[in-house]
Amino acid sequence: MKNAPSTLWTHSKSAALTLAFAAGTAALLAGCAGVKPPPKEYTQDRMDEQIQVPPGNVVALETTAVGLLNYECKANPAKGGNIGWVLVSPQAELMDRTGKKVAAYSGPPATWTHIDGSSVVGMQVAVAPRPGATNLDYQLSKGTPGAAPGVMQNITYIQRIKTKGGQDLSKACTQTDMGDKLTLPYQADYIFWKAA
């Protein structure tokens, strides 16, 4: 019984600390209730103006693509027939935010095909320079969905952001290199949008 007061004091102290912790946690949570979470990476106020999706559209699917871009050294009609590296085909797998493969990217034309069979073809409407000469530009494409029903059926725009690699075109490409091939790894986030 000699230890009883000490034990009682220990239990009382423990209960007091628990109550203080609970009160402090409640106050902290109450203080955070008015704090907005940080903006998501695809919010338009964080995008370069030229690749912003027009109002009236909402995010339908967020993905990260990992793949290869295949180039060929040839005359480029888009650049007045000058010889240079021309993208001839992309190939990439797209994962959702849980890491599950949900789509594939191929072309030309630039086509995203969902695992549910639906697809969308993108036509570039704008680009925004990306820091680093070896990273693909950010891009906005207008979507033309295929006929099959599914996730891609109502896609209006596709944004390519957070690019890494894919554009180290420093290898020689002159008249004598015509026909040479170049394959570069790349990664990018593709954000798919649909009408609200």
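As a reminder, the structure under discussion sits directly above these lines.
Quick caveat: nothing in here was measured; it's all calculated off a predicted structure.

Student: What is the right way to look at the side chain of Ser-141 in this model?
Tutor: Its location among the elements puts Ser-141 in strand 6 (residues 138-145). Relative accessible area serves as the criterion here: at 3%, Ser-141 is assigned to the buried category.

Student: Where do I start with the state of the cysteines in this structure?
Tutor: Here a disulfide denotes a covalent bond joining the sulfur atom of one cysteine to the sulfur atom of another. All told, the structure shown has one disulfide when counted by the stated rule. Two residues share a disulfide in this structure: Cys-73 and Cys-173, whose sulfurs sit 2.1 Å from each other. Because the sign of the S-S torsion sets the handedness, a value of about 100 degrees for the bond joining Cys-73 and Cys-173 places this disulfide among the right-handed ones. Of the two residues, Cys-73 is situated in strand 1 (residues 57-76) and Cys-173 in the loop between strand 7 (155-165) and strand 8 (181-195); the sequence distance between them amounts to 100 residues. Accessibility classification places Cys-73 together with Cys-173 in one group, the buried group.

Student: How should I be thinking about the sheet that holds strand 3 (residues 101-106) in this particular structure?
Tutor: Two pairing modes exist for strands in a sheet, parallel and antiparallel, and in both the strands are linked by backbone hydrogen bonds. If you walk around this closed barrel you meet the eight strands as 1-2-3-4-5-6-7-8, and the pairing is antiparallel. Adjacent strand axes in the sheet meet at a mean angle of 30 degrees, parallel and antiparallel pairs treated alike. With eight bridges connecting them, strand 5 (residues 119-128) and strand 6 associate as antiparallel partners. When the bridges of strand 6 are listed, Gln-124 appears paired with Ser-141.

Student: What should I look at first to understand the environment of Ile-51 in this one?
Tutor: Within the secondary structure, Ile-51 sits in the loop between helix 1 (4-32) and strand 1. Sequence separation between Ile-51 and Ser-141 is 90 residues; the distance between their C-alpha atoms is 8.6 Å. With sequence-adjacent residues up to four places away left out, Ile-51 is seen in contact with Gln-44, Ala-126, Val-127, Ala-128, Tyr-138, Gln-139, Leu-140, Gln-159 and Ile-161.

Student: Which parts of the structure should I look at to understand the packing of aromatic side chains?
Tutor: Each aromatic ring pair is characterised by the separation of its centres together with the angle its planes make. A complete count under the given rule lists four aromatic pairs for this structure. Ring plane angle 55 degrees and centroid distance 5.4 Å describe the contact between Tyr-105 and Tyr-190, whose orientation is recorded as tilted. Of this pair, Tyr-105 sits in strand 3 while Tyr-190 sits in strand 8, and the two are 85 residues apart along the sequence. Tyr-190 carries the same exposure label as Tyr-105, and that label is buried. Consider the rings of Trp-112 and Phe-192, whose centres lie 6.0 Å apart with planes at 85 degrees: the pair is edge-to-face. Taken as a pair, Trp-112 in strand 4 (residues 111-114) and Phe-192 in strand 8 lie far apart in primary sequence, 80 residues in all. Of the two residues, Trp-112 and Phe-192, both sit in the buried class. Members of the aromatic cluster, joined through ring pairs, are Tyr-105, Trp-112, Tyr-190 and Phe-192. The ring of Tyr-157 carries the charged tip of Lys-142 above its face, separated from the ring centre by 4.9 Å.

Student: What's the story with the nonpolar core in this structure? I'm lost.
Tutor: Of all hydrophobic cores here, the largest spans 24 residues; its most connected members are Leu-94, Trp-112, Met-152, Tyr-186, Tyr-190 and Phe-192. When residues in this core are grouped by element, the largest group, six residues, is from strand 8. Apart from the residues within four sequence positions on either side, Trp-112 is in contact with Leu-94, Ala-104, Tyr-105, Ser-118, Ser-119, Val-120, Val-121, Gly-122, Met-152, Ile-158, Tyr-190 and Phe-192. Counting eleven residues, the second-largest nonpolar core is a separate cluster that includes Met-47, Ala-126, Tyr-138 and Ile-191.

Student: Explain the pattern of salt bridges to me, please; I cannot follow it from the model alone.
Tutor: A pair can form between side chains of opposite charge whenever their charged atoms are brought close. By the definition in use, this model includes three salt bridges. A salt bridge links Glu-62 to Arg-97; its shortest N-O distance comes to 3.1 Å. Residue Glu-62 is found in strand 1, and its partner Arg-97 is found in the loop between strand 2 (82-95) and strand 3; the two are separated by 35 residues along the sequence. Judged by its relative accessible area of 43%, Arg-97 falls in the partly exposed class. A salt bridge links Arg-97 to Asp-189, with the nearest nitrogen and oxygen atoms 3.3 Å apart. Of the two residues, Arg-97 is situated in the loop between strand 2 and strand 3 and Asp-189 in strand 8; the sequence distance between them amounts to 92 residues. Overall, the relative accessible area of 4% leaves Asp-189 in the buried class. Within the structure, one salt-bridge network assembled from shared partners comprises Glu-62, Arg-97 and Asp-189.

Here is what the cut-offs are and how they apply
- The numbering scheme is per chain: residues are counted from 1 as the chain's sequence reads.
- Totals for whole chains, interfaces and linings use all residues, but because this is a predicted model, local features are given only for residues with pLDDT of at least 70 and pairs of side-chain atoms are given and counted only at 80 or more.
- Only heavy atoms go into the side-chain values, all of them from the structure, while hydrogens and water stay out.
- Strands are runs of DSSP state E lasting at least two residues, helices are runs of H or I lasting at least four, and both sets are numbered from the N terminus onward.
- Burial classification: accessible surface area is computed with a 1.4 Å probe over protein chains only, and a residue below 20% of its type maximum counts as buried, one above 50% as exposed, and the rest as partly exposed.
- The rule for a disulfide is simple: a pair of cysteine sulfur atoms within 2.5 Å.
- The pairing criterion for strands is at least two bridges between them, as found by DSSP.
- Axis geometry follows a simple rule: fit a line to the C-alpha atoms, using only the stretch in contact for helices, then measure angles between N-to-C directions, giving values from 0 to 180 degrees.
- The criterion used for residue contact is that any of the two residues' heavy atoms lie within 4.5 Å.
- Stacked, tilted and edge-to-face are the three classes assigned to paired rings of Phe, Tyr and Trp, where Trp is represented by its six-membered ring and a pair needs centres within 6.5 Å; plane angles under 30 degrees give stacked, over 60 edge-to-face, the rest tilted.
- Only lysine NZ and arginine CZ atoms are considered, and such an atom sits over a ring when it is within 6 Å of the ring centre and within 35 degrees of the ring normal.
- Nonpolar core, defined: a set of buried Ala, Val, Leu, Ile, Met, Phe, Trp, Tyr and Cys residues in which side-chain atoms within 4.5 Å join the residues together.
- We count a salt bridge whenever a side-chain nitrogen from Lys or Arg sits within 4 Å of a carboxyl oxygen from Asp or Glu.

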